[in-house]
Structures are given as C-alpha cells and as structure tokens.
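Coordinates in review
Okay, here's what each chain looks like letter by letter:
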Amino acid sequence: MSKKIIELADKLKSKIYSDYNAGKHTWFRTGGNAKIFAIVEDNLELEIILNEINNENFYIIGSGSNLLIRDNGYNGTLIKLGKGFNTININDNKLEVGASILDINLSNYALRQNIEGFEFYSGIPGSIGGAVKMNAGCYGSETVDVINSIEICDNFGQRKTITKDKLNLKYRSSDINKTDIVTKAIFEFNYGDQNLIKDKINQIKKKRLESQPIKNKTSGSTFKNPKNHHAAKLIEAAGCKSTNYGDAYVSDHHANFLINGGAASATDIENLGKSIVEKVYTKFNVKLEWEVKIIGEK
C-alpha cells in the first residue's frame, strides 16, 4: 500500500512523504513518524489517495492543535488538507469555509465582512474541519450555533453533504464518522456592527492572554469538562497543578493545559495526563476524558 502511494507523488500536486516526522506538525512539537504523510492538494486528489489507501489506516491531522502522536509513530497515512481546502466564500447568503482554514482566520474574515457570531473562533486553536467534528466553542458560543451543513469525503472517496440536523452536535462531539473527512463547512450568518464585533474579539483575546499559556508548546484544553464540573478546578484541587513527568508539566497558569517544556516526549505528556486522570478520580470519583486526540502505536 505505502509503495503505491509514494509512486503517486510524481503524478499528483499533493506532497507525499514516507517515514515522515509528523510530530513537528503538532502544537506539542513532539511525537513519532508517520509511515505516510500526505498534504493533499484538492478534492480530486483526496479521492485518488483515499482510493489508493483502500480503507486502510488513515487519520486527518488538521492544524495539529489538538493532537498527540505517540513516540512509536503512526503505522498508516496521516492526511493534512492543503491549499485547495483553504478558501472562504459567501454564496447564496451562506458562508462556505474550507476545512483547512484556521479558526482565527475565519473570525478575522468575518470581522472584515462585518459578519457577527464568529468572534468565538478567535479563541479556539485549530482549523474548521476539527472545529466541526468536535463542536468546538468557547466563552458561551459553539459551532452548533452557526453551522448549516458540511461537505465530507468518506473513506471510499465519495463526497456527501450532511445537514446540521444529522450532525448531532453536542459538547465536544458529533455523529460524524471517524472515517469521514470534513472538506467544507457551510455557515448561516448575519451582518452586524464592525466595531461591536471587533470589541468582542478583543475581549476574547484579552481573556485568553490572562487565563491561558498560549505562548507555550501546548495543545489547548487537555480534558473535557465533566458534567457540572470544570476540569481545571478538579485538576488543581487534586494537587496536580505545576506537576511534571519528564519535561512535560501542568501549566501553573491554567491547570487544564499540559506544556512541553522543550524536551518532552509524547510518552511524557501522555503519562502526565494519565496520572492526572488517576489523581482526580481517586479524590473526586470523577473520570476525566481526554479532549486531546492521541494516536499511534503504544
């Protein structure tokens, strides 16, 4: 399988690599190699590559903001959507956004066009494909508030449109199949006052700077908030704040952020997370669930 995909490289605009250091594409900046790493040019080439993979191991990495690749690497194909998925258009009073558009870039585009309701994306790391799959949100707003429908490519390369009512978007989850690749999101929108939109974005930026270690090698929120709880408060109350495993440590700025101090392995980060889960469960009988996606060989 891998040999056939590598042979495709000369025939496609997509960039295809073997035994590739994929960890550097994550915000943690650590982790192992991917057997195959493909930066896919457009929908047509995505279909070709998926047909060649023939339903074998693959994973979409997005911007790598919410991802940890284990040190032993990923024994399959990691797919990153390229420039053909990096477009934003207004069409029939809908906002059509390519899946590789960064959340903050969508927020900035909406600001320039006087479109309200997308300010919260300025506070979310990552790209739109991932934001849709996990119903990303912050500061009282979520993707479900603005989404209309999505376009996906399934694991056989078939393209489909899925409407909002079929997505079942809930807190950090959806009914989108794991093997479905979000290629485009279509949003409802309304125009608003640009000054008010800008003020809201600035408020979100200020809150993030004050409360989150955004200048560190981190992956955003590590654990989902359990029902009726805040993960950060549980982690701090369990005595985990500022603890470490190797060069991975819990942020002293926000306890739900794990930091790569510079030399942390993916194993360090995963083990630190596991110890937090155990300590919180022992103290509060509450099981934390990872928000960060962990992939690769144990």
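The present account deals with the structure reproduced in this document. All values reported here derive from a predicted model rather than from experimental measurement.

1. Some thoughts on the overall build of the protein
Along its length, the protein carries eight helices and 19 strands. For 298 residues, the compact-globule estimate of 2.2 N^0.38 gives 19 Å, and the protein sits close to it at 19 Å. For the protein, with 298 residues in total, the buried portion stands at 49%. Long-range contacts, defined as pairs at least 24 residues apart, comprise 65% of the intrachain contacts of the protein with a sequence gap of at least 6. Here the protein has roughly 14,500 Å² of accessible surface; of this, 44% comes from carbon and sulfur atoms. When the 40 basic and 35 acidic side-chain charges of the protein are each reduced to a single mean position, those positions are 3 Å apart.

2. Quick look at helix α2 (residues 43–53)
Looking only at α2, the buried set comprises E45, L46, I49, L50 and I53. Seen end-on, α2 carries its buried residues on one side only, within an arc spanning 135°. Backbone nitrogen of L44 and a side-chain oxygen of the N-cap are separated by 3.3 Å at the start of α2; the cap is D42. Downstream of α2 by one or two residues, N54 has phi in the positive range, about 60°.

3. Describing the packing of aromatic side chains
Scanning all chains against the criterion turns up eight aromatic pairs. Arranged with centres 6.2 Å apart and planes meeting at 70°, the rings of Y121 and F187 form a pair that is edge-to-face. With Y121 in the loop between β8 (115–116) and α4 (128–133) and F187 in strand β13 (residues 181–187), this pair connects stretches of sequence that are 66 residues apart. Of the two residues, Y121 and F187, both sit in the buried class. The structure contains a cluster of three or more aromatic residues connected by ring pairs, namely F118, F120, Y121 and F187.

4. Thoughts on the packing of helix α3 (residues 103–112) against helix α6 (residues 194–211)
Relative to each other, α3 and α6 sit at 155°, their axes nearing to 9 Å. For the element pair α3 / α6, the angle class is roughly antiparallel. Here S107, L111 and R112 of α3 come into contact with α6, specifically with Q194, I197, K198 and I201. Looking at side-chain class alone, the contact of α3 with α6 contains three nonpolar, two polar and two charged residues.

5. Considerations on the sheet that holds strand β16 (residues 244–245)
To summarise the sheet geometry, strands pair through backbone hydrogen bonds and adopt either a parallel or an antiparallel arrangement. Overall, antiparallel pairing links the four strands, which are arranged β15-β18-β17-β16 in an open sheet. The open sheet terminates on both sides in strands that have one partner only, identified here as β15 (217–218) and β16. Here two bridges tie β15 to strand β18 (residues 258–260), and the two strands are oriented antiparallel to one another. The partner of K217 across the bridge, within β18, is N260. In this fold helix α8 (residues 266–284) packs onto β16, β17 (248–250) and β18, with an angle of close to 35° to the strand it touches most, β17.

6. With respect to α6
Between its terminal C-alpha atoms α6 stretches 26 Å, which fits the 26 Å expected from 18 residues at 1.5 Å a residue. Looking at α6, one finds that the buried residues are I197, I201, I204 and R208. Looking down the long axis of α6, one finds its buried residues gathered within 60° of arc, a one-sided arrangement. Turned more than 90 degrees from where α6 packs its buried face, N195, L196 and K206 sit exposed. Of the surrounding secondary structure, the elements contacted by the buried residues of α6 are α3 and β8. The opening residue of α6 is D193, an N-cap whose side-chain oxygen sits 2.9 Å from the backbone nitrogen of N195.

7. A word on the nonpolar core
Membership of the largest hydrophobic core comes to 49 residues, with the highest contact counts inside it found for L95, L106, F118, Y121, I150 and F187. Leaving out residues up to four positions away in the same chain, I150 has contacts with V132, K160, T161, I162, L167, I176, V182, K184, A185 and I186.

8. With respect to the environment of I101
On the secondary structure map, I101 appears in the loop between β7 (94–98) and α3. A relative accessible area of 6% places I101 in the buried class. When the C-alpha atoms of I101 and G126 are compared, they prove to be 8.6 Å apart, with 25 residues separating the residues in sequence.

9. A look at the sheet that holds strand β5 (residues 74–81)
Read across the open sheet, the four strands follow the order β1-β2-β5-β3; overall the sheet is mixed. The open sheet terminates on both sides in strands that have one partner only, identified here as β1 (15–21) and β3 (58–60). Neighbour-to-neighbour, the strand axes of this sheet turn through a mean angle of 25°, independent of strand direction. The sheet contact formed by strand β2 (residues 33–40) and β5 spans six bridges and is parallel. Across the sheet, residue I36 finds its bridge partner in β5, namely T77.

Thresholds applied
- All chains use their own residue numbering, which begins from 1 and follows the written sequence.
- It should be noted that, the model being predicted, local features are given only for residues of pLDDT at least 70 and side-chain atom pairs only at 80 or more, the latter also being counted only at that level, while totals for whole chains, interfaces and linings use all residues.
- For side-chain calculations, the full set of non-hydrogen atoms in the structure is used, while hydrogens and water are omitted.
- Counting from the N terminus, the helices are DSSP H or I runs at least four residues long and the strands are E runs at least two residues long.
- Two things to know: the radius of gyration comes from C-alpha atoms, and the globule rule equals 2.2 Å times the number of residues to the power 0.38.
- Buried, partly exposed and exposed residues are distinguished by accessible area as a fraction of the type maximum, computed with a 1.4 Å probe on protein chains only: under 20%, between the cut-offs, and over 50%, respectively.
- Here, two residues are considered to be in contact whenever any of their heavy atoms come within 4.5 Å of each other.
- Residue exposure ignores everything except the shown protein chains as possible cover, and the areas themselves are Shrake-Rupley values with a 1.4 Å probe.
- Only four residue types enter the tally: Lys and Arg on the positive side, Asp and Glu on the negative side; His and the chain ends are excluded.
- To locate a charge, the coordinates of NZ of Lys, CZ of Arg, CG of Asp or CD of Glu are taken.
- Each C-beta atom gives one direction from the helix axis, and the arc is the one those directions make.
- Distance and chemistry together define a polar contact, namely a pair of N or O atoms within 3.5 Å, with one atom able to donate a hydrogen and the other to accept it when in protein, and with adjacent residues in sequence counting only for side-chain atoms on both sides.
- Two rings belonging to Phe, Tyr or Trp (six-membered ring only in the last case) form a pair when the distance between their centres is within 6.5 Å. Interplanar angles under 30 degrees mark stacking, angles over 60 mark edge-to-face geometry, and anything in between is tilted.
- Here the axes come from fitting lines to C-alpha atoms, over the contacting stretch only for helices, and the angles between their N-to-C directions go from 0 to 180 degrees.
- If an angle is under 35 degrees, it is roughly parallel; if it is over 145, roughly antiparallel; if it lies from 65 to 115, roughly perpendicular; otherwise it is oblique.
- In this classification, Asp, Glu, Lys and Arg are treated as charged, Ala, Val, Leu, Ile, Met, Phe, Trp, Tyr, Cys and Pro as nonpolar, and every other residue, Gly included, as polar.
- Two strands qualify as a pair provided that DSSP identifies no fewer than 2 bridges between them.
- For a helix, the expected span equals 1.5 Å multiplied by the number of residues minus one.
- Side-chain atoms within 4.5 Å link the members of a nonpolar core, which is a set of buried Ala, Val, Leu, Ile, Met, Phe, Trp, Tyr and Cys residues.

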